[in-house]
Amino acid sequence: MQKIKPLFKELPIEQLERDPEQPRRDFGVGGDQNRLLKSIETYGIEEPIKVSQVEDGRYIIIDGHRRYICAQRLELKTVPCRVYPKMSDGEFEARRYEIQNNRRNWKPMEKSNSLYRIKTKFGLNTNRQLADVLSLSITIISNSLQIRDVKVDYVELMEKYGLSQSNRTEFIRLKNKLRKIKELEIDDIVQIIFEKTKNNVIRNAKDFRKLGKIFLRATANENELYTFLKDPDMSISELDQRTIQSGFSLLIEQSIQAVASKRKDGIAFSSKEKSLLTQLRNLLQKAF
């Protein structure tokens, strides 16, 4: 394929046409496109639309359909373009493929650092303010910024094991629920979780959320969690089945946690609580 030197021109928008053979059919009609629309309205089109000349005064879009659609909605008269001369059909297809295929998404930490810098440079106090500036949801902003607070070792492990963005987000939510299980320290457990994710034993965000709920009951589920962590092939579904509790056992566990919490915080039991605990102690003595 021959090298082509493009020209940069500001073209009348009515001279541009969408490519009917464009493989990507969904150019976004929701929040993503609205965000681009606001960006163009505020800053203009930062990245020129790539077009190929068909004939004088007529150009077909190679790359930039979403920018073109937003420009139409904003009723722009002209748009910046990178103009290629007329190509053969084969050259057009090959160049379009290369443009799309060579794109690289943000790495999660890159995105997190960039958002943090924007927040800092604008002097914004809250994630909500940053979300409003960028027309992003508060959830996306918060989840992305949380990555900066994760231990560097964990970030490197997430990179090493190729965790998806959604799984990284769920891990961030999970990490504060983790606790030592027998001889397995938290760092050991994290590596096991990542290994299971890489091997598709932990399959999706739902699995991470289930695991978090089970770790919240780690005292009652310690043996089951230990088995799960030591068996590389044991799935979250299997663990979930082993840790299903009856309403009665869950009530007992909650009572233990409530009593332990009061003792830890030095809070005195009320006279009614003392009476009930005395009755419970007497029942337990008879039961055992």
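Coordinates for the structure precede this section.
Below is a summary of the structure that appears in this document. (Residues numbered from 1 in each chain as written. Predicted model: local features only at pLDDT ≥ 70, side-chain atom pairs only at ≥ 80, totals over all residues. Heavy atoms only, no water.)

### Quick notes on the packing of helix α7 (residues 152-161) against helix α9 (residues 186-198)
For clarity, the threshold we go by: With axes taken as lines fitted to C-alpha atoms, and helix axes fitted only over the stretch in contact, angles between N-to-C directions fall between 0 and 180 degrees. To qualify as a helix, a DSSP run of H or I must reach at least 4 residues; to qualify as a strand, a run of E must reach at least 2; elements of each kind are numbered from the N terminus. Angles are sorted into four bins: roughly parallel if under 35 degrees, roughly antiparallel if over 145, roughly perpendicular if 65 to 115, and oblique for all others. Whether a crossing is left-handed or right-handed is set by the direction in which the near helix is turned from the far one by less than a right angle, anticlockwise for left-handed and clockwise for right-handed. Any two residues whose heavy atoms approach within 4.5 Å are treated as being in contact. Three classes are used: nonpolar for Ala, Val, Leu, Ile, Met, Phe, Trp, Tyr, Cys and Pro, charged for Asp, Glu, Lys and Arg, and polar for all others, with Gly counted as polar.
α9 packs onto α7 with a crossing angle of 20° between their chain directions and a minimal axis gap of 10 Å. When the interaxial angle is binned, α7 and α9 end up roughly parallel. Helix-helix and strand crossings are classified by hand; for α7 and α9 the assignment is right-handed. Here Tyr154, Leu157, Met158 and Tyr161 of α7 lie close against α9, whose contacting residues are Ile186, Asp187, Val190, Gln191, Phe194, Glu195 and Lys198. Of the residues assigned to the contact of α7 with α9, the class counts are seven nonpolar, one polar and three charged.

### Here's the deal with the environment of isoleucine 40
Keep this limit in mind: Between buried and exposed lies partly exposed: a residue is buried under 20% and exposed over 50% of the maximum accessible area for its type, with that area taken using a 1.4 Å probe on protein chains only.
Relative to the elements of secondary structure, isoleucine 40 occurs in helix α1 (residues 31-43). Classification of isoleucine 40 as buried rests on a relative accessible area of 6%. Residues isoleucine 40 and arginine 179, 139 residues apart in the sequence, show an inter-C-alpha distance of 47 Å. Ignoring sequence-local partners within four residues, the contact set of isoleucine 40 consists of Ile45, Arg67, Cys70, Leu74 and Leu76.

### Things to note about the sheet that holds strand β3 (residues 49-55)
Threshold: When DSSP locates at least two bridges between a pair of strands, those strands are taken to pair.
On the basis of which strands lie adjacent, the open sheet formed by five strands has the order β1-β5-β3-β4-β2 and mixed pairing. Unpaired on one side and paired on the other, β1 (7-12) and β2 (16-17) mark the two borders of the sheet. Sheet analysis places β2 next to strand β4 (residues 58-63), joined by two bridges and oriented parallel. Across the sheet, residue glutamate 17 finds its bridge partner in β4, namely isoleucine 60. This element, helix α2 (residues 65-73), spans β2, β3, β4 and β5 (78-84) of the sheet and lies at about 125° to β4. Those strands touched by helix α3 (residues 89-101) are β3, β4 and β5, and its axis lies near 40° from that of β4.

### Section: helix α10 (residues 205-216)
Here is the rule: To estimate the expected span of a helix, subtract one from its residue number and multiply by 1.5 Å. What qualifies as a polar contact is a pair of N or O atoms within 3.5 Å, subject to a donor-acceptor requirement within protein and to the restriction that residues adjacent in sequence count only when both atoms come from side chains.
An ideal rise of 1.5 Å per residue puts 16 Å on twelve residues; α10 measures up with 17 Å between its terminal C-alpha atoms. Within α10, the full set of buried residues consists of Ala205, Asp207, Phe208, Leu211, Gly212, Ile214 and Phe215. Lining the buried residues of α10 we find α8 (165-175), α9, α11 (218-230) and α12 (236-242). With a side-chain oxygen lying 3.2 Å from the backbone nitrogen of lysine 206, the N-terminal cap of α10 falls on asparagine 204.

### Side note on the nonpolar core
The test is simple: Joining through side-chain atoms within 4.5 Å is the link that ties buried Ala, Val, Leu, Ile, Met, Phe, Trp, Tyr and Cys residues into a set, and such a set is a nonpolar core.
Core analysis: the biggest nonpolar cluster contains 31 residues, and Ile193, Phe194 and Leu211 have the highest contact counts within it. Setting aside its immediate chain neighbours within four residues, phenylalanine 194 contacts Tyr154, Leu157, Met158, Tyr161, Leu163 and Phe171. Judged by nonpolar contacts, the second largest core, of 16 residues, contains Leu16, Ile45, Cys70 and Cys81.

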